[in-house]
Amino acid sequence: MNDRFQVDVALGDRSYPIYIGAGVMAQGELLARHISGGQVAVFSNETVAPLYLDRLLQALGRDYQIDVFTMPDGEEHKNLDSYASAMDFLLEHRHSRSTTLIALGGGVVGDLTGFVAATFQRGVDFIQVPTTLLAQVDSSVGGKTAVNHPRGKNMIGAFYQPRCVLADTTVFDTLPDREYRAGLAEVVKYGIIVDADFFRWLDDSAESCLARRPDAVAQAVRRSCELKAAVVSADERESGLRAVLNFGHTFGHAIETLTGYTRYLHGEAVAMGMVMASDLSARQGLLSWAEAHEIRQMLASFALPVIPPPLGAQAMIQAMGADKKVLNGKLRLILAEAIGRVRVTEEVDMSALRHTLMAGERLCHG
Ligand code: NAD
Ligand code: GLY
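What this report covers is the structure whose coordinates are included nearby. (Residues numbered from 1 in each chain as written. Chains lettered and ligands numbered in written order. Predicted model: local features only at pLDDT ≥ 70, side-chain atom pairs only at ≥ 80, totals over all residues. Heavy atoms only, no water.)

## What to know about the overall build of the protein
Inference 1: From N to C terminus, the protein includes 13 helices and 11 strands.
Inference 2: In terms of C-alpha radius of gyration, the protein reaches 20 Å, essentially the compact-globule figure of 21 Å for 366 residues.
Inference 3: Based on the C-alpha atoms only, the size of the protein along its principal axes is roughly 60 × 45 × 35 Å.
Inference 4: When burial is assessed residue by residue, the protein has 59% of its 366 residues classed as buried.
Inference 5: Considering only contacts in the protein between residues 6 or more positions apart, those separated by 24 or more positions represent 75%.
Inference 6: Total accessible area on the protein is roughly 14900 Å²; 48% of this is exposed by carbon and sulfur atoms.
Inference 7: Here the protein contributes 35 positive and 43 negative side-chain charges, whose respective centroids are spaced 4 Å apart. (Helix = DSSP H or I, 4+ residues; strand = E, 2+ residues; numbered from the N terminus. Rg over C-alpha atoms; globule rule 2.2 N^0.38 Å. Buried < 20%, exposed > 50% of the residue type's maximum accessible area, 1.4 Å probe, protein only. Contact = heavy atoms within 4.5 Å. Areas by Shrake-Rupley, 256 points an atom, 1.4 Å probe, with all protein chains shown as cover. Lys, Arg positive; Asp, Glu negative; His and termini not counted. Charge placed at Lys NZ, Arg CZ, Asp CG, Glu CD.)

## Considering helix α6 (residues 177-194)
Inference 1: End to end, α6 covers 27 Å across 18 residues, agreeing with the expected 26 Å (1.5 Å per residue, within 8%).
Inference 2: Burial analysis of α6 places 14 of its 18 residues in the buried class, which makes it a mostly covered element. (Expected span 1.5 Å × (residues − 1).)

## Brief notes about the pairing of strand β6 (residues 125-130)
Inference 1: With six of six residues buried, β6 is to be regarded as a mostly interior element.
Inference 2: Across six bridges, the pairing between strand β5 (residues 100-105) and β6 is parallel. Bridge pairing links isoleucine 102 to isoleucine 127 in β6.
Inference 3: Each parallel crossover has a hand, and the one from β5 via helix α4 (residues 107-119) to β6 is right-handed.
Inference 4: One ladder, built from two bridges, connects β6 with strand β9 (residues 164-168); its direction is parallel. In the sheet register, isoleucine 127 faces β9, and the bridge partner there is cysteine 164. (Pairing = 2+ DSSP bridges. Right-handed = clockwise from strand over helix to strand, strands pointing away.)

## Focus on the site of ligand 1
Inference 1: Lining the immediate environment of ligand 1, one finds 26 residues, of which Asp73, Glu75, Thr131, Thr132 and Thr174 sit closest.
Inference 2: For ligand 1, an oxygen atom lies 2.8 Å from a polar atom in the backbone of glycine 107.
Inference 3: In this structure, serine 139 approaches ligand 1 through a main-chain N or O atom, which is 3.5 Å from a nitrogen atom.
Inference 4: Protein coverage of the free-state accessible area of ligand 1, which is 860 Å², stands at 87%.
Inference 5: Those elements that place two or more of their residues in the shell around ligand 1 are α2 (49-60), α4, α5 (133-139) and β8 (152-159).
Inference 6: Grouping the constituent residues of the shell around ligand 1 by class yields eight nonpolar, nine polar and nine charged. (Near = heavy atom within 4 Å. Polar contact = N/O pair within 3.5 Å; in protein donor to acceptor, adjacent residues only side chain to side chain. Nonpolar A, V, L, I, M, F, W, Y, C, P; charged D, E, K, R; others polar.)

## Side note on the side chain of aspartate 195
Inference 1: Position of aspartate 195 among the secondary structure elements: in the loop between α6 and α7 (196-210).
Inference 2: Among the residues examined, aspartate 195 registers a relative accessible area of 10% and is labelled buried.
Inference 3: A distance of 3.1 Å separates the side chain of aspartate 195 from the backbone nitrogen of aspartate 197, its partner in a polar contact.
Inference 4: Within the structure, the side chain of aspartate 195 is placed 3.0 Å from the backbone nitrogen of phenylalanine 198, a separation counted as a polar contact.
Inference 5: Each residue touching aspartate 195, except ones within four places of it in the same chain, is listed here: Tyr190, Arg223, Leu227 and Gly340.

## As for the site of ligand 2
Inference 1: Around ligand 2, the neighbouring residues are Asp138, Lys144, Lys228, Glu238, Arg242, Leu245 and Asn246.
Inference 2: At 3.0 Å from a nitrogen atom of ligand 2 is found a side-chain nitrogen or oxygen belonging to aspartate 138.
Inference 3: Its free accessible area being 200 Å², ligand 2 has 87% of it covered by the protein chains.
Inference 4: A breakdown of the residues in the shell around ligand 2 according to their chemical character gives one nonpolar, one polar and five charged.

## Some remarks on the side chain of aspartate 279
Inference 1: Along the chain, aspartate 279 falls in helix α10 (residues 266-283).
Inference 2: Once residues within four sequence positions are removed from consideration, aspartate 279 is found in contact with Trp289, Thr356, Arg362, Leu363 and Cys364.

These values are about where atoms sit, not about what they do.
Structural data, given as structure tokens:
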């Protein structure tokens, strides 16, 4: 099976390719194609740089002034202090408007680099080289860039598209198992929201995906990117359709908030959130219990948590109300109508929601 692909994100003159497959990061000509000036600043972190920086530098060759900004590892560094340090760094090294920033890392490095690129000298080119599964299938695609504020995640940011994305699947060789599985939650999400056939393929390929077989992984990344690219092309700034990408996220964010962002990885919280969203969809008569159960089983087969901790229905409702997806004071949720089809709705049955939030182990068992 072929395991190298190109997916295009169609956004008029801001369109860009996503190159997917084993070794794409080492292909200097792909990078050169998207670097127009003589300066490059590589952004990475203390974990990823020792693993992949040399490979990237070798691919870049000697034709550019190259400077490397290495940040500490962790979500807590996706903040305005790191942003200011990055700006200082670029100015100290005399980077100009024609520089290109390259993000080498997971979603944290990618989101920060993208926001720096969006604002440094009113905007410079940037390239995403995502090194986690979550970053390859989600955060590096679609142009959402941001840093966190003490009062909320991703509160300061911009929509700003990269010039290209290099999703090199060999980076999964070093990715911890838990991080890899958390990324799979977002892969499953695409099947649920827009592509029932992909969901079935994932079901059939669960073992190969978990074993990180290169052909299966490349297919999973490719299809996820195709689906995300289609959604983003139709609604870049989330005025409608793009919200479907948040399936399970309102529940997931509430779990993350109430557990202090330390107990679960984002993808794990989203997995439980998708189970809860499916349960509520079934309670509201939109989704069959059989399909809700199937969704839960699929996530469980990827060894993702499917039973939320007992956080209290009231606390969850409050935390969900504080979510960004609340419009004009009304709770807006993405609910499933079938595997492969979801709807954005403000018609939330609060009594059904309370039952979902209290159901715990009985979620999706009808
Ligand atoms: P992350 O960037 O923190 O990476 C997870 C961990 O894996 C880190 O410790 C990192 O150093 C390490 N790592 C990365 N690549 C590795 C590799 N190949 N081998 C070994 N270790 C590696 O987390 P993430 O899950 O990639 O991204 C989460 C971030 O993405 C959050 O800040 C979230 O808000 C953001 N996000 C953004 C979007 C978007 O559309 N922009 C979408 C989803 C999530
Ligand atoms: N991760 C959701 C989005 O990109 O819109």
